[in-house]
Amino acid sequence: MLTKYNYNKLTWYLSVLYVCFVYFSLAISNICLGLCFIVFVVGLITKQIHFSFTKMHLKLYVLIGMPFMLTTISVLNSFGVINSLDFLWLRLPVILLPLVILNLKPVEQIDFANIFRGYLAFSLLATAITLFNAIKVGLEYGRMLDPDLTKEYITPIQHPYYGIFTLIAIITTHNFDKIVKKQKTRDFLILFFSVGVLLSTSRIAMILLFSYLFFLLFKNKKMYKVAIIGGLTGIMFFIVFNTDLKTKTLNTFTYWDSPRAWLWTNSYKILKYSNQKTLGAGIGDYYRVKRSPRQFIHSQKGIYGYNPHNQYLEFFITNGVFGILYLFAILYLLFLCYKAKILYSIIIVVIICLFSFTECIFNRQFGIQLYAFFLPVSMVLVMRKQTNIQ
């Protein structure tokens, strides 16, 4: 018979499986999410899980659920409401999973460690597969770290998201000593996952990796210095001597060679000449005809249908001035993490905040899994810290 403790434990494990299978099967991820919510509801009905929404819980839930609320408003503001419902369905985990995670009682330390061990195990397997694919493609094509080959043949999921998920594996390994107790094993995992981030060829993931490794370097912990210096040396070697990756990086600073710059400029033009600055264009109307950046058309006033590759810009386009609420929500959550002095939570919120500048994370299930799991878990750590203080 399932006890209250076991209900909480099972629900936690199903929630982490939702994000663990991001590397391999979105279908299995969705099944895990469905089972997680079913167990949660059954637990509420049988009173094995207590629904206790305090003011703090409610505030966090509203802040985390802001993207779904903005999407709902945007869908209702679209002329083709029925055709826009797919966006609500895609973003539904943004309100479902935080509702579950914020209501669960904290599990014992060993269970919490096992939850993150599971994520590291899946990340380790995904990185091993990525490394194998990279070696295979390198031998076949004679090129390493080619962004085009990476997209098609190397990473198990879309490469920027793979880079970010692997980066989080690095941060998790370093910040929780009890997950991997042996120092040498932890150093190896940090180096191995760093290789995974490098193989992703994601510029934002690599920038964040460099920043984090330098942060560790200057924390003055001798046990990390050798591993970190070695990792940085290897990464810099590949970047300097790899023509394909170097070209991609340098193109970032040249407008006519940077598709993202085109998309951001297109979004700016739409906002500048829009007649719907207050409520926005409506997400269904904006994406009524989806266009590929590979067939980009430069125009004077911007063209609907292009993915802006910037979550803030997308919310401004589809929700008007109310789109700024997403930025306010993220910054306020970051403030709460800083106030509680939980380094892991601060880093997770910063990653989501910065990643939103280069991707529309709510247009892909990978991004939704990133947001819907790690953000509420980060806030659970904040609430646990506040409870311990009180």
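Placed above this text is the structure.
From a predicted model like this one, the values you see are computed outputs, not experimental measurements.

Asker: What am I meant to see in the overall build of the chain here?
Answerer: Secondary structure assignment for the chain yields 19 helices and zero strands. Every one of the 390 residues in the chain was classed for burial, and the buried ones make up 53%. Across the chain, contacts joining residues at least 24 apart in sequence account for 76% of those joining residues at least 6 apart. Accessible area of the chain: about 18500 Å², with a carbon and sulfur share of 67%.

Asker: Could you clarify how one ought to interpret helix H17 (residues 324–340) in this entry?
Answerer: For an α-helix, 3.6 residues make a turn, and residues three or four places apart therefore share a direction. In this model H17 runs 25 Å from its N-terminal to its C-terminal C-alpha over 17 residues, within 8% of the 24 Å that 1.5 Å per residue would give. Of the residues one or two after H17, Lys341 is the one with positive phi, at around 60 degrees.

Asker: Teacher, can you tell me more about a nonpolar patch on the surface here?
Answerer: A cluster of nonpolar side chains, contributed by Leu279, Val321, Phe322, Leu325, Phe328 and Leu331, occupies part of the molecular surface with about 530 Å² of accessible area. Along the chain, the position of Leu279 falls in the loop between helix H14 (259–273) and helix H15 (283–286).

Asker: Looking at this model, I keep getting lost on the packing of aromatic side chains. Mind explaining?
Answerer: Given two aromatic rings, one states the distance between the centres and the angle between the planes to describe the pair. Applying the stated rule across the entire model yields 26 aromatic pairs. Look at Tyr161 and Phe355: their rings are 5.2 Å apart centre to centre, the planes differ by 80 degrees, and that puts the pair in the edge-to-face class. Pair noted here: Tyr161 is in helix H9 (residues 159–175) and Phe355 is in helix H18 (residues 343–355), with a separation of 194 residues, a long-range link. The class of Tyr161 is buried, set by a relative accessible area of 1%. Take Phe355: its relative accessible area is 0%, and that puts it in the buried class. On the basis of an interplanar angle of 50 degrees and a centroid distance of 6.1 Å, the ring pair of Phe315 and Phe362 is categorised as tilted. Highlighted residues: Phe315 in helix H16 (residues 311–319) and Phe362 in the loop between H18 and helix H19 (365–389), separated in sequence by 47 residues. Of the two residues, Phe315 and Phe362, neither departs from the other in class, the shared state being buried. An aromatic cluster of at least three residues, connected via ring pairs, comprises Phe21, Tyr23, Phe24, Phe122, Tyr162 and Phe165.

Asker: Explain the state of the cysteines here, please?
Answerer: In a disulfide, the sulfur atoms of two cysteines are held together by a covalent bond. Taken as a whole and judged by the stated rule, the model has zero disulfides. For the unlinked cysteine Cys32, the closest cysteine sulfur is that of Cys20, found at 8.7 Å. Since its relative accessible area comes to 7%, Cys32 is described here as buried.

Asker: Help me understand unusual backbone geometry in this model?
Answerer: Excluding glycine, residues mostly carry a negative phi; peptide bonds, for their part, are mostly trans. At His309, a residue that is not glycine, the phi angle is positive and equals roughly 55 degrees. Position of His309 relative to the elements: it lies in the loop between H15 and H16. Phi is positive for Lys341, close to 60 degrees, though the residue is something other than glycine. In this fold, Lys341 is placed in the loop between H17 and H18. In this structure Lys341 comes out as exposed when scored by relative accessible area, which is 64%.

Asker: For this particular structure, what's the right way to read the nonpolar core?
Answerer: Where a protein is soluble and globular, its nonpolar side chains tend to be buried together. The biggest cluster of nonpolar side chains holds 119 residues, and the ones touching the most others in it are Phe165, Tyr326, Tyr371 and Phe374. Considering every element that reaches this core, the biggest residue donor is H19, with 14 residues. Sequence-distant contacts of Phe165, defined by excluding residues within four places in its chain, comprise Val19, Val22, Tyr23, Tyr119, Ile157, Phe366, Gln369, Leu370 and Phe374.

Asker: Hey, could you run me through the environment of Tyr304 in this one?
Answerer: Turning to its location among the elements, Tyr304 is positioned in the loop between H15 and H16. What makes Tyr304 partly exposed here is its relative accessible area of 31%. Look past the residues within four positions of Tyr304 in its chain and what remains in contact with it is Ile270, Gln276, Ala281, Asp285, Tyr286, Val289 and Arg291.

Asker: Just to check I follow, could you spell out the environment of Arg91 for this structure?
Answerer: Secondary-structure assignment places Arg91 in the loop between helix H5 (81–90) and helix H6 (93–103). In sequence terms Arg91 and Gly367 are 276 residues apart; their C-alpha atoms lie 9.7 Å from each other. Setting aside chain neighbours within four positions, we find Arg91 in contact with Phe68, Thr71, Ile283, Glu314, Phe315, Phe362, Asn363 and Ile368. Here Thr71 takes part through its side chain, which lies 2.7 Å from a polar atom of the side chain of Arg91.

Asker: Sorry, what's going on with the pattern of salt bridges here?
Answerer: It is possible for side chains of opposite charge to pair when their charged atoms get near one another. Within the structure shown, the criterion is met by two salt bridges. When the shortest N-O distance is used, the salt bridge between Arg91 and Glu314 registers 3.2 Å. With Arg91 in the loop between H5 and H6 and Glu314 in helix H16, this pair connects stretches of sequence that are 223 residues apart. The exposure class of Glu314 is buried, given its relative accessible area of 0%. Its salt-bridge partner being Arg260, residue Glu359 comes within 2.4 Å of it at the nearest N-O pair. Placement of the pair is Glu359 in the loop between H18 and H19 and Arg260 in helix H14, with a sequence separation of 99 residues. For Glu359, a relative accessible area of 4% puts it in the buried group.

What counts as what
- Residues numbered from 1 in each chain as written.
- Predicted model: local features only at pLDDT ≥ 70, side-chain atom pairs only at ≥ 80, totals over all residues.
- Heavy atoms only, no water.
- Helix = DSSP H or I, 4+ residues; strand = E, 2+ residues; numbered from the N terminus.
- Buried < 20%, exposed > 50% of the residue type's maximum accessible area, 1.4 Å probe, protein only.
- Contact = heavy atoms within 4.5 Å.
- Areas by Shrake-Rupley, 256 points an atom, 1.4 Å probe, with all protein chains shown as cover.
- Expected span 1.5 Å × (residues − 1).
- Patch = residues over 30% accessible without salt bridge, like charges linked within 9 Å, V, L, I, M, F, W, Y side chains within 5 Å.
- Salt bridge = Lys/Arg side-chain N within 4 Å of Asp/Glu carboxyl O.
- Phe/Tyr/Trp six-rings, centres within 6.5 Å; stacked < 30°, edge-to-face > 60°.
- Disulfide = S-S within 2.5 Å.
- Core = buried A, V, L, I, M, F, W, Y, C linked by side-chain atoms within 4.5 Å.
- Polar contact = N/O pair within 3.5 Å; in protein donor to acceptor, adjacent residues only side chain to side chain.

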